[in-house]
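The primary structure of each chain is shown beneath.
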Amino acid sequence: MRALRDSDGLHPRNLTKRQRLLVLFVAGLGLTVLFYTIVYNWGMYALENRPQSVFRSFQTVVETMTTTGYGADSPWSTPMMNVLMVTIQLTGVVIGFITLRVLVIPLFERTPLNLDDRLTIKNDHVVIAEYQHDTEILLGELEELDIDYVLIESDEEEAKRLSDDGYQAIHGDPERRSDLDRATIDRASLLITDAGDKTASVVLTALEANEALRVISFTASTRRKAALAEVGVDRSVAPHALIGQRLAEKAATPIAVNGRSEADEVDVREILVRRDSPLHGVRVRDSPIVAHPNLTLVAGWFDGVLHVPPTPDDRLTPNTVLVVAGPESELDEIANEVAGVRSRRITTPSEIIVAGLGEGGTAAVEALPSDVSTTTVDESAARNPDLVGDITEPETLRDAGIADASALVVTVDDDSTALLTIAMARSLSDEVEILARVTDGEKTKAAFRAGADYVLSIQQVAARLVATEVHGERVIDPTSQIRLVRADSEPFVGETVADVRRETDRGWTLVGVARADTVYTDERTAIETGDEVIVAGSDDAIQAFERTVDTV
């Protein structure tokens, strides 16, 4: 599918085995007809003494090869011409059988017998050994980023379905060396495995074929990380725990400026676009935050993916978290002015309820600051929650303190239970911030309709993590991805704050200008000699910035 879509789709590397066979067939057929046309035309002139145009000879050759007739040229008087005509006839019969097998039969079959025929040539690609979090979401992410891959799927029907949809999938057992070889594991750069208890076996077999292979493994529990590292896994990811940690950080941890005296004047804040916000569907360029002269939009979380900085065409949804820098008073004002948008500054102590104390809930509790008051709720007493009970019942939520809670983190194991919990909590409190995890990506919109403010899907997060991991990036990491530094203003002297902010493709942006003991964030401020600029951006972008500008 991607091979036909890319601008360089006709390159042999982008053609599947079947497509390459068809190209060779068509080229061979054309050369055969051309050869016979030239020989026949020469024979009519030199042997039969009946010269004619090459187009008439071409017609006769085609008529003979397709057995539709022999044309007006027959009969032929010389033996060599008769032998030539018999050869052309036999060639036509052989080509007919090849055409039937290569073109006609596969056209009416549901799928080829060998899915390997659909694979394009691979080198330095990703091999995916099983995948449990909705394969199509993952493969769609990889194709969007133009990442070469091969998926080994043990379910034959699922493999056929994915292959029919245009994905690079084959049926096989990733524990078998022969099936890994079919995916050209020896030329791969990365192995993604989500094979459960078979993970160790899959990894060891793959590393036998390619010792330089980098391995990322999805695991149900963080307790398996040490064991997986022993067998050669470079990075283990427990999606439930990862998302639980992220939800906890969203619920209770604001971004703080780690700097000098400007910390009292300039703040970096996360502003959550809530479900009832009028900003829903608005492009970043049209948002009041971007239009504000004293505020800088540093970054944005869009469905759990960090954009630094957001592009002007990014649309705000109820799942968007904007990272905004500027004077504290201005941040408070914009957060209060925009209906449906709540500032993420949490006062201490906070009251947070964690619903579900499995892998995700435990990770959420561990990620919460020590000065945050936490109440855990679970149906199982074996998990040692603060409150044993059914979180979907109003009495349980009341006993957990929903009326006074600042946030509810929902990490229950079942999506249906999660949706009911969200709806029940919202019916009891319109002020509590509800942050939820769902397994099925299709349930994200339902969670918003039920009343959630922030939702992360296991499927979407896992797929995005794999896709960005290929590029050496990390996703779902919280505020550690944003850095703020002071630098000498010399490279920017003569420009205004607005002039510097217009360059949006560098990964960093100018927050303000420090002059004496005052920080100026107005876009009209001109940068002068002796000033210091305050710059915010992704860690990589700030490192690149520091290599070119002297920082303070």
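Whatever comes next refers back to the structure up there.
From a predicted model like this one, the values you see are computed outputs, not experimental measurements.

Draft legend 1. Local environment of the overall build of the protein chain. Along the backbone of the protein chain there are 19 helices and 21 strands. Taking all 552 residues of the protein chain together, 52% fall into the buried category. Considering only contacts within the protein chain whose residues lie at least 6 apart along the sequence, 66% involve residues at least 24 apart. Surface exposure of the protein chain reaches about 25,400 Å², of which carbon and sulfur atoms provide 52%.

Draft legend 2. Region of the structure containing the pairing of strand E4 (residues 190-193). Burial along E4 is two-sided: Leu190 and Ile192 facing one way and Leu191 and Thr193 facing the other are all buried. As judged from the four bridges shared by E4 and strand E5 (residues 214-218), these two strands associate in the parallel manner. Of the residues in E5, the one forming a bridge with Thr193 is Ser217. Of the crossover connections in this fold, the one passing from E4 over helix H8 (residues 199-209) to the parallel E5 is right-handed.

Draft legend 3. Seen up close, the pattern of salt bridges. Tallied over the entire structure, the rule returns 20 salt bridges. Taking the shortest distance from any N to any O, the salt bridge between Arg177 and Asp181 comes out at 3.0 Å. Placement of both Arg177 and Asp181 in helix H7 (residues 177-182) is noted, with a separation of four residues, approximately one turn of the helix. For Arg177, a relative accessible area of 38% corresponds to the partly exposed category.

Draft legend 4. Region of interest: a nonpolar patch on the surface. Side chains of Leu31, Leu34 and Ile38 sit close together on the surface and give an oily, nonpolar patch of about 320 Å² of accessible area. Following the sequence through the fold, Leu31 ends up in helix H2 (residues 17-46). Owing to a relative accessible area of 58%, Leu31 belongs among the exposed residues under this scheme.

Draft legend 5. Representation of the environment of Phe302. Among the secondary structure elements, Phe302 is positioned in strand E8 (residues 296-302). Sequence separation between Phe302 and Leu322 is 20 residues; the distance between their C-alpha atoms is 8.7 Å. Ignoring any residue separated from it by four or fewer positions in sequence, one finds Phe302 in contact with Val284, His307, Pro310, Asp314, Arg315, Leu316 and Thr320.

Draft legend 6. How the structure looks around the sheet that holds strand E15 (residues 407-410). As summarised here, the arrangement of the six strands in space is E14-E13-E12-E15-E16-E17, forming an open sheet in which the pairing is parallel. Looking at strand neighbours, the two that pair on one side only are strand E14 (387-388) and strand E17 (454-457), the edges of this open sheet. Pairing analysis gives four bridges linking strand E16 (residues 433-438) to E17, with the strands arranged parallel. Its bridge partner being in E17, Val438 is matched across the sheet by Ser457. Relative to E16, helix H15 (residues 415-428) is tilted by about 170 degrees, and along the sheet it contacts E15 and E16.

Draft legend 7. Fine view of the environment of Ala220. Within the secondary structure layout, Ala220 lies in the loop between E5 and helix H9 (225-231). Sequence separation of Ala220 and Glu359 is 139 residues, and the distance between their C-alpha atoms is 8.1 Å.

Draft legend 8. Looking closely at the packing of aromatic side chains. Evaluation of the coordinates by the stated rule reveals five aromatic pairs. Their ring planes at 80 degrees and their centres at 5.9 Å tell us that Tyr131 and Phe218 sit as a pair that is edge-to-face. Taken as a pair, Tyr131 in the loop between strand E1 (126-129) and helix H5 (135-144) and Phe218 in strand E5 lie far apart in primary sequence, 87 residues in all. Both residues of the pair, Tyr131 and Phe218, count as buried. Note on Phe492 and Trp508: the rings are 6.2 Å apart at their centroids and 70 degrees apart in plane angle, and the pair reads as edge-to-face. Of the two residues, Phe492 is situated in the loop between strand E18 (482-488) and helix H18 (497-501) and Trp508 in strand E19 (residues 508-515); the sequence distance between them amounts to 16 residues. Looking at Phe492, the relative accessible area reads 9%, which means it is buried.

Draft legend 9. Representation of unusual backbone geometry. For Asp124, which is not a glycine, the phi torsion comes out positive at approximately 60 degrees. By secondary structure assignment, the location of Asp124 is in the loop between helix H4 (79-108) and E1. With phi around 50 degrees, Thr184 is a residue other than glycine that occupies positive phi space. Within the secondary structure, Thr184 is located in the loop between H7 and E4. Judged by its relative accessible area of 16%, Thr184 falls in the buried class.

Draft legend 10. Looking closely at H8. Turning to H8, its buried residues number three or more, namely Thr199, Val202, Val203, Thr205, Ala206, Leu207 and Ala209. Buried residues along H8 sit against E1, H7, E4, E5 and H9.

Draft legend 11. Geometry of the pairing of E17. Going residue by residue along E17, you find Tyr454 and Leu456 tucked away on one face and Val455 and Ser457 tucked away on the opposite face as well. Once you follow E16 into helix H16 (residues 444-450) and on to E17, the crossover reads as right-handed.

Draft legend 12. How the structure looks around the sheet that holds strand E6 (residues 235-237). A sheet is described by the order of its strands in space; here six strands give the open sequence E3-E2-E1-E4-E5-E6, paired in parallel fashion. In this open sheet, the two strands that pair with only one neighbour each are strand E3 (169-171) and E6. Geometrically, the sheet is characterised by an average inter-axis angle of 20 degrees between neighbouring strands, direction not taken into account. Of the strand pairs in this sheet, strand E2 (residues 149-153) and E3 are connected by three bridges, and their pairing is parallel. Within E3, the position partnered with Leu151 by the bridge is Ala169. Sitting on the sheet, H5 is in contact with E1 and E2, with an inclination near 165 degrees to E2. Against the sheet, helix H6 (residues 156-164) engages E2 and E3, with an angle of about 155 degrees to E3.

Basis of the calculations
Residues numbered from 1 in each chain as written. Predicted model: local features only at pLDDT ≥ 70, side-chain atom pairs only at ≥ 80, totals over all residues. Heavy atoms only, no water. Helix = DSSP H or I, 4+ residues; strand = E, 2+ residues; numbered from the N terminus. Buried < 20%, exposed > 50% of the residue type's maximum accessible area, 1.4 Å probe, protein only. Contact = heavy atoms within 4.5 Å. Areas by Shrake-Rupley, 256 points an atom, 1.4 Å probe, with all protein chains shown as cover. Pairing = 2+ DSSP bridges. Right-handed = clockwise from strand over helix to strand, strands pointing away. Salt bridge = Lys/Arg side-chain N within 4 Å of Asp/Glu carboxyl O. Patch = residues over 30% accessible without salt bridge, like charges linked within 9 Å, V, L, I, M, F, W, Y side chains within 5 Å. Axes fitted to C-alpha atoms, helices over the stretch in contact; angles between N-to-C directions. Phe/Tyr/Trp six-rings, centres within 6.5 Å; stacked < 30°, edge-to-face > 60°.

By themselves, these observations are geometric and do not establish any function.
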